[in-house]
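Below, each chain spelled out in residue letters.
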Amino acid sequence: MSVSNNQSFISDENDICHKLFQAAIDAQSNLIVLMYDHAPILFNKAFQEFTGMPNVKMFLREFGSLPNRFVPHDAYFHAGKASDLDQWTSSLMELPESERIVSMINYRAEPFAFSVTAETPAEGYSIVSFVDISQDLIKRIMIENDVSIDKESGAFNKDYFVHTAKSFQNAALFNEKAIGITMIQPTNVDNNASLHDFVSTIKNHIRQSDMLVRWEKNIFLLAYLVDSSENAMKCSQKLCSVATNVRIGTAVQLEHESMSTIIQRAHDSLSAPL
């Protein structure tokens, strides 16, 4: 069980309070740490899975204090920004909310960004919650850097879609739907003006939640959520009716299929004879 040697009311894993609190935080998707006397004494399941450490004792043996896991980059809060490392949560919470962000690397060496909150419900205790904002941060940075939109066409930039695809996948899981990918290749577009007109026509006939992406020089990708293959085909047929002289390739996500595989199937379908 995720308990350190600190003496606290919850240090006995057989205590009913311990069991109830552990069950409550394990039900949360955010990474949650219970601190006592400025040291972690409980991790929730999400934090254990993120770090690959099954308990606090092993975590402390491997990494030392919790701030040692914070990436020391000026864009984020880290150990070097704490006036007193033993009370880093106080330094963090003195910052404006927009600056209470840390970066940590999971056990697979993948970087994440988290918005952090720290509550003090009782003397000596703090509950620290890490909310994954990686996708939101990527979107904000790319939008601020003016790289989300392809200037020639007005569709989303390919890099923007690739970097934010996880959000689309999460939306599919949350809404219990599949991802539909339709590749669109106009055959009569020969300049930027007609390219913009083509994109505008497509945008006028798709939902706001759909993403139209310039995938290659003359190939566009339309990503959307769908509840059946039949409805995906209806979407493709509608596109053919509003945008003439196009080649279409459509694929709908199979169970546990990755985004890259869906896109490849749609692209292969585009390449097949019509």
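Higher on the page you've got the structure.
Residues numbered from 1 in each chain as written. Predicted model: local features only at pLDDT ≥ 70, side-chain atom pairs only at ≥ 80, totals over all residues. Heavy atoms only, no water.

A.B. asks: Could you give me a rundown of the overall build of the chain, with the residues and numbers involved?
C.D. replies: Across its full length, the chain holds nine helices and nine strands. Expected size for 274 residues packed as a compact globule is a radius of gyration near 19 Å; at 24 Å, the chain overshoots this value by more than 25%. Over its C-alpha atoms, taken along the principal directions, the chain stretches across nearly 75 × 35 × 30 Å. Buried positions account for 44% of the 274 residues belonging to the chain. (Helix = DSSP H or I, 4+ residues; strand = E, 2+ residues; numbered from the N terminus. Rg over C-alpha atoms; globule rule 2.2 N^0.38 Å. Buried < 20%, exposed > 50% of the residue type's maximum accessible area, 1.4 Å probe, protein only.)

A.B. asks: Now, about the sheet that holds strand β5 (residues 125-132): what can you tell me, with residues and values included?
C.D. replies: As summarised here, the arrangement of the five strands in space is β2-β1-β5-β4-β3, forming an open sheet in which the pairing is antiparallel. The two strands at the open ends of the sheet, each matched to only one other strand, are β2 (39-43) and β3 (101-105). On average, adjacent strands in this sheet sit at an angle of 35° to one another, irrespective of strand direction. Both strand β1 (residues 31-36) and β2 contribute to a ladder of four bridges, which runs antiparallel. Bridging from a neighbouring strand, valine 33 pairs with phenylalanine 43 of β2. Along the sheet, helix α1 (residues 16-26) contacts β1, β2 and β5; its crossing angle with β2, the most-contacted strand, is approximately 80°. (Pairing = 2+ DSSP bridges. Axes fitted to C-alpha atoms, helices over the stretch in contact; angles between N-to-C directions. Contact = heavy atoms within 4.5 Å.)

A.B. asks: Quick one: what's the story with α1, residue by residue and with numbers?
C.D. replies: Among all positions of α1, only His18, Gln22 and Ile25 are buried. Buried residues of α1, seen end-on, are gathered within an arc of 70° and therefore sit on one face of the element. Opposite its buried face, α1 presents the exposed residues Ile16 and Leu20, each directed more than 90 degrees away. Tucked inside the fold, the buried residues of α1 contact β1, β2 and α2 (45-51). (Arc of directions from axis to C-beta.)

A.B. asks: Give a description of the nonpolar core that names residues and reports values.
C.D. replies: The biggest cluster of nonpolar side chains holds 24 residues, and the ones touching the most others in it are Phe47, Leu66, Trp88 and Phe130. If you list the elements that add at least two residues to this core, you get β1, α2, α3 (56-63), α4 (88-93), β3, β4 (111-122) and β5. Broken down by element, the residue count for this core peaks at four residues, all from β4. Contact partners of tryptophan 88, with chain neighbours within four places excluded, come to Met35, Leu66, Pro67, Phe70, Phe77, Ala82 and Val128. Among the nonpolar cores identified, the runner-up in size contains 22 residues, and Ile181, Val213, Met259 and Ile262 belong to it. (Core = buried A, V, L, I, M, F, W, Y, C linked by side-chain atoms within 4.5 Å.)

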